[in-house]
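Chain residues, written in single-letter form:
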Amino acid sequence: SKPLGSNAPLGPLILSEAARLAKASEMKIFALGGVTVEKLAEIVQSEVAGFATIGAVFRATNAVAATRELLTEWDRLERRDLETSNAESDKAGIR
């Protein structure tokens, strides 16, 4: 296995592995490939830094609307995730 900086392809990771890397590393980990609006909740829960997609936009009838839908849903889920995290911290007396 080559170091991350070697530009060697790392191959696909499942989200659980991406989540482990995101928590254990200072590197930004992004979801790429197979990203759809339906999968965004799982992607947000994995705590990756963001996502990139080509197919979901270019296969859409309206690329602008598809992009807007993905970004709107990402923002909604991120806010929900943050609110849940804050509520859990409040219950535990952490902040």
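See the structure above.
A brief report on the enclosed structure follows.

The helix and strand inventory of the protein stands at four helices and two strands. Written out in order from the N terminus, the α and β elements of the protein read α-β-α-β-α-α. The proportion of buried residues among the 95 residues of the protein is 22%. Sequence separation of 24 or more characterises 40% of the internal contacts of the protein that already satisfy a separation of 6 or more. Counting only carbon and sulfur atoms, one obtains 54% of the accessible surface of the protein, whose full area is about 7,200 Å².

Moving on, we come to the pattern of salt bridges. By the definition in use, this model includes three salt bridges. Of the charged contacts in the structure, one is a salt bridge between Lys 23 and Glu 47, with a shortest N-O distance of 3.9 Å. Here the residue Lys 23 occupies a position in helix α1 (residues 15–24), and Glu 47 occupies one in the loop between α2 (40–45) and β2 (50–52), the gap between them amounting to 24 residues. For Lys 23, a relative accessible area of 59% translates into the label exposed.

Membership of the largest hydrophobic core comes to 14 residues, with the highest contact counts inside it found for Ala 31, Val 35, Leu 40, Ile 43, Val 48, Phe 51 and Trp 74. Looking at this core, the elements that each hand over two or more residues are α1, α2 and α4 (63–92). For Ile 43, the residues in contact, after removing those within four places along its chain, are Leu 15, Ala 31, Val 35, Val 48 and Trp 74.

The rules we used
- Residues numbered from 1 in each chain as written.
- Predicted model: local features only at pLDDT ≥ 70, side-chain atom pairs only at ≥ 80, totals over all residues.
- Heavy atoms only, no water.
- Helix = DSSP H or I, 4+ residues; strand = E, 2+ residues; numbered from the N terminus.
- Buried < 20%, exposed > 50% of the residue type's maximum accessible area, 1.4 Å probe, protein only.
- Contact = heavy atoms within 4.5 Å.
- Areas by Shrake-Rupley, 256 points an atom, 1.4 Å probe, with all protein chains shown as cover.
- Salt bridge = Lys/Arg side-chain N within 4 Å of Asp/Glu carboxyl O.
- Core = buried A, V, L, I, M, F, W, Y, C linked by side-chain atoms within 4.5 Å.

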